[in-house]
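Listed here are the chains, written in short residue letters.
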Amino acid sequence: MKTTPFTDRHIALGAKMHDFAGYNMPIEYPTGILEEHMNVINGVGVFDVSHMGEFWVKGPKALEFLQKVSSNDASKLEVGQIQYSCFTTEQGTLLDDFLVYRYEENKYMLVPNAANVVKDWAWCLKQNDMGADLEDGSAKIGQLAVQGPKATQVLQRLTDINLLDIPYYHFKVGTFADCPNVIISNTGYTGCGGFELYFFPQYADKIWDAIFEAGKPEGIMPAGLGARDTLRLEAGFCLYGNDIDDQHTSLESGLGWITKLTDNKPDLVGREALLKQKAEGLTRKLVAFEMVDKGIPRQHYDIVNEAGEKIGVVTSGTMSPALKVGIGMGYVSTEYSKIDSKIYIAVRKRNLEAKVVKPPFRK
């Protein structure tokens, strides 16, 4: 298995380690997922996300390339701004979702999911018929996500950059913990606020130690992938491989808002298929739901209607640590996708009532 710059730290802290996307990653620490989860909601937690990918797109053809492969409209980005987007196939289905950072005038950084780095990189190379300058920088960048309502006050002690001057989905580059060229990004996957830091791996130990020393008064704790998953689900964020995949289009997955089928993106991969689906109408949609009956929805459980007929499948589900109720996402026939629609989750031969809700679950 691959390692991150922090793998030895996780092991020394007693983390339960497991293979994730080919990396030896911490699932939870001895404190447990529930405590890690609630600590991020109420205080500040630190996630090692160095397994994520980073692709550089540079040169005079950079924007032309992005307008072809990125579903969102990269021409709207200003330097220092970030955009959520996805790669779409010729059929309009989802190859991956990712972030686009406009680093300089003609320089962008893409951040794809760890499990898809190899696939995404091959896809980018295949689509690069205009000659943009592409570089896979994944092995040269470390990343930590410092999340929670107290993250800003902790991180502010380690940089002269005014973090309050960085709006949501924006970033600045500067010195952090006396380490140069750190990307400080107002983003995250928890719905709890905070920042993500990108840095050269040789500074990893120094940055880790500085953050945990600075956060002692706030009760800072490390958090693993288990808490990251429960937090993202409460926030209503999709996970690739669960809620979005290459079997569903971006429109079916509720990502129409980042799928720009405008005239200034005529070469977007999958554009014609998506326009056709939009015109014909959707037959299934990804929805968020909350249990009415007591029960925990799990991935792959069937979703049925009142008559017991299958209308969909659960893609993500858990018992919400914050809300103490079962929550989940799943694809359902369009007629059952409206807010407050009554649906049923097939749990151990019992059909338990649930209702479609508007995410996020945790307001």
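- As annotated in an unreviewed UniProt entry, the protein carries the name Aminomethyltransferase and comes from Porphyromonas asaccharolytica.
- Its UniProt record, at the heading Function (unreviewed entry), says of the protein: "The glycine cleavage system catalyzes the degradation of glycine."
- The annotation that UniProt attaches to the protein under Sequence similarities (unreviewed entry) is "Belongs to the GcvT family."

### Observations regarding the domain arrangement of the protein
Reasoning step 1: The domain architecture assigned to the protein consists of domain 1 (6-50 + 141-235) and domain 2 (283-356).
Reasoning step 2: Between domain 1 and domain 2, the contact holds eight residues from the first and ten residues from the second.
Reasoning step 3: Carbon and sulfur atoms make up 74% of the surface buried where domain 1 meets domain 2, a total of about 680 Å² over both sides.
Reasoning step 4: Applying the counting criterion to the domain 1 and domain 2 interface returns three residue pairs in polar contact (both at pLDDT 80 or more).
Reasoning step 5: Secondary structure elements with two or more residues in the side of domain 1 that touches domain 2: helix H2 (33-42) and helix H7 (225-234).
Reasoning step 6: When its residues are assigned to classes, the side of domain 1 that touches domain 2 shows four nonpolar, two polar and two charged.

### Regarding the packing of aromatic side chains
Reasoning step 1: Per the stated rule, a full pass over the model turns up twelve aromatic pairs.
Reasoning step 2: Pairing tyrosine 103 with phenylalanine 171 gives two aromatic rings, centres 6.3 Å apart and planes at 15°, and the pair type is stacked. Here tyrosine 103 is found in strand S6 (residues 94-104), whereas its partner phenylalanine 171 is found in strand S10 (residues 171-176), with 68 residues between them in sequence.
Reasoning step 3: Since its relative accessible area comes to 7%, phenylalanine 171 is described here as buried.
Reasoning step 4: Relative to phenylalanine 237, the ring of tyrosine 189 has its centre 6.0 Å away and its plane inclined at 10°; by these criteria the two rings are stacked. Of this pair, tyrosine 189 sits in the loop between strand S11 (179-185) and strand S12 (194-199) while phenylalanine 237 sits in the loop between H7 and helix H8 (271-280), and the two are 48 residues apart along the sequence.
Reasoning step 5: A connected cluster of aromatic rings, assembled from ring pairs, spans Trp56, Tyr101, Tyr103, Phe171 and Tyr198.

### What about the side chain of serine 138?
Reasoning step 1: Checked against the element boundaries, serine 138 lands in the loop between strand S8 (133-136) and strand S9 (142-147).
Reasoning step 2: Within polar-contact distance, the side chain of serine 138 engages the backbone nitrogen of glutamate 54 at 3.1 Å.
Reasoning step 3: Only 2.6 Å separates the side chain of serine 138 from the side chain of aspartate 136, close enough to count as a polar contact.
Reasoning step 4: The contact partners of serine 138, leaving out residues within four places of it in the chain, are Gly53, Glu54, Phe55 and Val117.

### Regarding the sheet that holds strand S19 (residues 350-357)
Reasoning step 1: If you walk around this closed barrel you meet the six strands as S14-S17-S16-S15-S18-S19, and the pairing is antiparallel. The mean inter-strand angle of the sheet, taken between neighbouring strand axes irrespective of direction, is 45°.
Reasoning step 2: Sheet analysis places strand S14 (residues 284-291) next to S19, joined by four bridges and oriented antiparallel. Along S19, the bridge assignment pairs phenylalanine 289 with valine 356.
Reasoning step 3: Of the strands in this sheet, strand S16 (310-319) and strand S17 (326-333) touch H7, which is tilted by about 125° from S16.

### Description of the sheet that holds strand S7 (residues 107-112)
Reasoning step 1: Strand order in the open sheet formed by five strands is S5-S6-S7-S4-S8, and the pairing between neighbours is antiparallel. Unpaired on one side and paired on the other, strand S5 (82-88) and S8 mark the two borders of the sheet. Strand-to-strand, the axes of this sheet are offset by a mean angle of 25°, without reference to chain direction.
Reasoning step 2: Strand direction decides the pairing type here: strand S4 (residues 55-58) and S8, joined by four bridges, are antiparallel. Paired with lysine 58 across the two strands is aspartate 133, which belongs to S8.
Reasoning step 3: Along the sheet, helix H4 (residues 117-127) contacts S4, S5, S6, S7 and S8; its crossing angle with S8, the most-contacted strand, is approximately 165°.

### Observations concerning the pattern of salt bridges
Reasoning step 1: Following the criterion strictly, the structure yields 17 salt bridges and no others.
Reasoning step 2: A salt bridge links glutamate 218 to arginine 157; the nearest nitrogen and oxygen atoms lie 2.7 Å apart. Taken as a pair, glutamate 218 in the loop between helix H6 (204-214) and strand S13 (221-222) and arginine 157 in the loop between helix H5 (151-156) and S10 lie far apart in primary sequence, 61 residues in all.
Reasoning step 3: By relative accessible area, glutamate 218 is classed as buried at 12%.
Reasoning step 4: Through salt bridges with shared partners, a single network forms among Arg9, Asp205 and Asp209.

Basis of the calculations
- Residues numbered from 1 in each chain as written.
- Predicted model: local features only at pLDDT ≥ 70, side-chain atom pairs only at ≥ 80, totals over all residues.
- Heavy atoms only, no water.
- UniProt positions renumbered as here; feature names shortened; annotations may be inferred.
- Domains from an automatic or database assignment.
- Contact = heavy atoms within 4.5 Å.
- Buried area = accessible area lost by both parts, 1.4 Å probe.
- Polar contact = N/O pair within 3.5 Å; in protein donor to acceptor, adjacent residues only side chain to side chain.
- Helix = DSSP H or I, 4+ residues; strand = E, 2+ residues; numbered from the N terminus.
- Nonpolar A, V, L, I, M, F, W, Y, C, P; charged D, E, K, R; others polar.
- Phe/Tyr/Trp six-rings, centres within 6.5 Å; stacked < 30°, edge-to-face > 60°.
- Buried < 20%, exposed > 50% of the residue type's maximum accessible area, 1.4 Å probe, protein only.
- Pairing = 2+ DSSP bridges.
- Axes fitted to C-alpha atoms, helices over the stretch in contact; angles between N-to-C directions.
- Salt bridge = Lys/Arg side-chain N within 4 Å of Asp/Glu carboxyl O.

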